[in-house]
Amino acid sequence: MRKRALLLRKGCSFEITSSASEDLGCRRGEFSRKHYGSVELLISSDADGAIQRAGRFRVENGSIDEASDYTPGTWRRTDVHLENPEYHTRWYFKYFLGKVHQNYVGMDAEKNPFFLSVVLSDQNNQRVPQYRAILWRKTGTLKISLPYSPTKTLSVKSILSAMNVDRFEKGPREILNPEIQKDLLVLEEQEGSVNFKFGVLYAKDGQLTDDEMFSNESGSENLDKFLNLLGDTICLQGWAGYRGGLDTKNDTTGINSIYTVYQGHELMFHVSTMLPYSKENKQQVERKRHIGNDIVTIVFQEGDDASPSFKPSMIRSHFTHIFALVRYNSQNDSYRLKIFSEESVPLFGPPLPSPPVFTDHQEFRDFLLVKLINGEKATLETPTFAQKRQRTLDMLIRSLNQDLMPDMPKNMLNRRSFSDVLPESPKSARKKEEARQAEFVRVGQALKLKTIVRGDAPTSLVTTGLCRKEPWESQSFCSSFPYDIVCGDSWGQSLLVATDSAGVMLLEDSPTLPPVQVFDKTLTVKQMHLLEPQDLLIARADKGKDARLYVYRLSTLKRGIEERQLVRTKYDSRENKLEKTKGCHLYSINTHHGVELRIVAAIRNKLLLITRKQSRLDCLSSIATVTGTTDSPVEEFQYIREICLCDSPVVMALVDGPTGENDHMICVAYRHQFDLINESTGDAYRLHHVDSNRVNFVSAIDVYEDGEAGLLLCYNNICVYKKVCPFNGATPMIQPNTSDFHFSWNQMPNAIVCAFPYILAFTTDSIEIRLVVNGNLVYTAVVPELQLTASRSDIYFISSAPINSASNCSSRDTSSQSSPQTPTGYEMPVFPSPLGDGEAPSKHIYKIPLSNLVGRSIERPLKSPLVNKVLTAPAPSVIGPTPMIASTTSLSLSRMEIKEIASRTRKELLGECLCVCALLKRNVLLHLCTTAGGWQEMYQEKSAAA
């Protein structure tokens, strides 16, 4: 249902259109892990009915009834993404190797050695200088990006402090030996291989044991069709690409195999019917030796849905953790998919569609390959593999530390311990330092080239993702806005923003319509919420002792614009004050305000709970019949109680209880902790304690998993999920839960937005996109000078430089030539300003439609009592609609990285290509890209798979 109002000012027409984004905004905090299957006890038996094996597996079948009828075209595809893509996670290869950077070795308070690598880079040639740091420890690697400031130096101690390492047994000392790059690359490769091998097991209709399945000497026409879809048939003898453990010299593992390259990953399939077959050996040990040692196996089963289905307990393997059951239906030429994951495997995407039937074969191939790759990566996080990786890392780090100890006086510098990461070199040592840096870069580039030729280099998605529109793809909303924006919120398809010097303005999604001023600069708004179904605008204005909350009717503001009334001032808002909120420095409202709107205002260390007296139906009635109501809704609010805290809160969030009767909670963050406050009693419960010397609270987001409340707590660069339900009367059950998890952002965020299945972190220069259910990284978009403006429904953000042209500007590539040391007068890195000479700064506003992010995920029913609370206001009778203004051209964030190619100079391109041609001996197709002046990727495709 849509409602329209024609706004007239200065002879221009405005149109405010409310759409489904309002409803989506109230529902995006709801999610369900049931989309990723449920854990079941699976038991297999022989032909006589005797139980053979049993195991607990998470079963994903996309729908409750696997055999339900399917009508082609009745489902929409879920978004398919590689999780933790190597091009975004293998930092050392991408940003450090072959560039001047610094490496340190030290020992923490527990006497465990660690290594630290630091580089100053220009992020993807976007003129975003920043420090990148990698901390190597036995528990794994920790990565963080820190902002660069030409006036503020950064020390090793401050970098380690940002990584929560403050105490040392031995302080970090710099390693000058260029050979350290080889050892650190080995440490990074412990995160997992960039190439994968998967098993393919053929099962005929009625086969119930692994011996029967492995004994199939040949396949079928349907199997051949499926294998042709997976990849290309290659001859193993003489094969020069990734072989996945197969023999490429003597044909001892078969003559042919199936191979493909997908998004930079080489994939080899161990097909049971292509591996050696032995009539004398009923167990087919040679086949089981390969497929039984694959982490992920595809089971292609013949027969219809009524036939006995495959169970993973039929396979005797302690190594295979994931089975993908594929069935082909020749009647409608479709594939049905079912996934079995061992219970300890973390959740991984993409979730299966409902029903899990694919008629588009290319779409099925993309979905299956991404699911298999994500599944193997997730398996490496299980306790079995994680413990092995931790032992290997510990051994490698300790061994490397011992090897460096004898050469400490010669290859290390103690004078730079805890010094500036970028110290100024004396003139006498300048030539020696330049020679050392040149040798350091030469060794690193040779090592990078060797890794690329070997086929173990992480590759970019640039070459494969240009034609697919991602759900986070942004649209240009306003190409040039001259004021700094403090806060904002969406009003239908328009945007209401509070500026620092021009008051509050209404912006329309059209380049031809100028902004309309709603309040002048006498009212300095610091925080606002615009609730269309409630016909309400809530704003926190002024600061210090004069700060307070104001409430307005949207219909009154709309009528004032229509009738060309004067711009409202602070004096005109004197009837809109909530008087008891004087001194308010922060406020929060409940996300699901369908039944009752609740506001909590923080006044120093006191919380003031406010509700709206008017019922929901009365509110809707007042919207339709504006006459007879006052212009100010202040009288509709009532003050419930005051709650005293031990300190002033920095972050607040309201949590809805399942019954709504004395079980609502308030999450507050102060000091080093997050607490839950019972709204009815004021009792406080410790939710989470932050073990860090410095705490930067970012946000607390209330989310609801299948109707049960939880909180995403974000501080520093950490995000923690805590489940706070079920409630026991008025007391929340706060205790460790199996569903709790945490993850780290690569950069400290300024704001967090949850839009299931995604969670987005907005930093000073990037948008980091992860999945809510597991925290896995999906994409990182570089956005110079980024600031989030509004996120209640559609997401609006601003950037000082146009995203589509920021990387086109010619800039000298400095990261491959400049030292990651503090720039001195003679070696200052050049990061060009996005503005030309004499050009005034302007803000460019972009929009990410919320329906693109959460629209598909909410098509499935969610068992949440909160869904039905959202009501839509009836369309008011106002001035007739005008033709919709055409939306502006879509602007893709995923295309930014391809701009790197254009920034390369002809000399660099020719030099690198000649170097590659001289050293490559393999018949491969190489795609060379550049990031920050160094090697960015080499993407391989063998001629058979090109």
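The name given to the chain in an unreviewed UniProt entry is GTPase-activating Rap/Ran-GAP domain-like protein 3, and the organism recorded there is Cyprinus carpio carpio. According to its UniProt record, the chain has this under Sequence similarities (unreviewed entry): "Belongs to the GARNL3 family."

Viewed as axis vectors pointing N to C, helix 7 (residues 221-230) and helix 9 (residues 361-379) meet at an angle of 70°, and their least axial separation amounts to 10 Å. In terms of orientation, helix 7 lies roughly perpendicular with respect to helix 9. Relative to helix 9, the crossing made by helix 7 is right-handed. The segment helix 7 lies against helix 9, with K225, F226, L229 and L230 engaging H361, F364, R365, L368 and L369. The class makeup of the residues in the contact of helix 7 with helix 9 is six nonpolar, one polar and two charged.

Time to look at the confidence of the model for the chain. Any segment with low pLDDT has predicted coordinates that should not be analysed in fine detail. Chain-level statistics for the chain give a pLDDT mean of 75 and a share of 72% at 70 or above. In this model residues 64-76 is a low-confidence stretch, pLDDT under 50, and it forms 18 contacts with partners more than four residues away in sequence or in other chains. Segment residues 857-946: pLDDT under 50, and 222 contacts once partners within four positions in sequence are set aside and those in other chains are kept.

With that settled, consider the sheet that holds strand 46 (residues 777-782). Within a sheet, adjacent strands bond to each other through the backbone by hydrogen bonds, running parallel or antiparallel. The four strands lie next to each other as 43-44-45-46, forming an open sheet whose pairing is antiparallel. Edge positions in the sheet fall to strand 43 (751-755) and strand 46, since each of these pairs with one other strand and no more. Neighbouring strand axes in the sheet, compared pairwise and without regard to direction, differ in orientation by 15° on average.

The tally for this structure, following the rule as stated, stands at 29 aromatic pairs. Geometrically, the ring pair formed by F310 and F323 is tilted, given 5.5 Å between the ring centres and 55° between the ring planes. One end of the pair, F310, is in the loop between strand 15 (296-301) and strand 16 (322-329); the other, F323, is in strand 16, and 13 residues separate them in sequence. Using a relative accessible area of 1% as the deciding quantity, one classes F310 as buried. Judged by its relative accessible area of 4%, F323 falls in the buried class. Ring centres of F310 and F340 lie 6.2 Å apart, and the angle between their planes is 75°; on these two criteria the pair is classed as edge-to-face.

Where helix 5 (residues 180-189) contacts helix 12 (residues 430-454), the two axes come as close as 10 Å, and the packing angle between them is 40°. In this structure, helix 5 crosses over helix 12, and the sense of that crossing is right-handed. For the pair helix 5 and helix 12, contact is made by Q181, K182, L185 and E189 and by F440, V443, G444, L447, T451 and R454, respectively. Partitioning the contact of helix 5 with helix 12 into residue classes produces four nonpolar, three polar and three charged.

So, on to the nonpolar core. Counting residues in each nonpolar core, the largest one holds 40 residues, and the members touching the most others are F226, L230, F269, I298, L337, F364 and L368. Within the residue set of this core, elements represented by two or more residues are strand 11 (196-203), helix 7, strand 13 (256-262), strand 14 (265-271), strand 15, strand 16, strand 17 (334-342) and helix 9. With eight residues, helix 9 is the largest single contributor of residues to this core. When residues no more than four places from it in sequence are discounted, the contact partners of F364 are F226, L229, V326, Y335, L337 and F358. Core analysis: the next-biggest nonpolar cluster, separate from the first, contains 24 residues, M213, F214, V299 and F310 among them.

Conventions used here
Residues numbered from 1 in each chain as written. Predicted model: local features only at pLDDT ≥ 70, side-chain atom pairs only at ≥ 80, totals over all residues. Heavy atoms only, no water. UniProt positions renumbered as here; feature names shortened; annotations may be inferred. Axes fitted to C-alpha atoms, helices over the stretch in contact; angles between N-to-C directions. Helix = DSSP H or I, 4+ residues; strand = E, 2+ residues; numbered from the N terminus. Parallel < 35°, antiparallel > 145°, perpendicular 65-115°, else oblique. Left-handed = near helix turned anticlockwise from the far one by under 90°. Contact = heavy atoms within 4.5 Å. Nonpolar A, V, L, I, M, F, W, Y, C, P; charged D, E, K, R; others polar. pLDDT = per-residue confidence, 0-100. Pairing = 2+ DSSP bridges. Phe/Tyr/Trp six-rings, centres within 6.5 Å; stacked < 30°, edge-to-face > 60°. Buried < 20%, exposed > 50% of the residue type's maximum accessible area, 1.4 Å probe, protein only. Core = buried A, V, L, I, M, F, W, Y, C linked by side-chain atoms within 4.5 Å.

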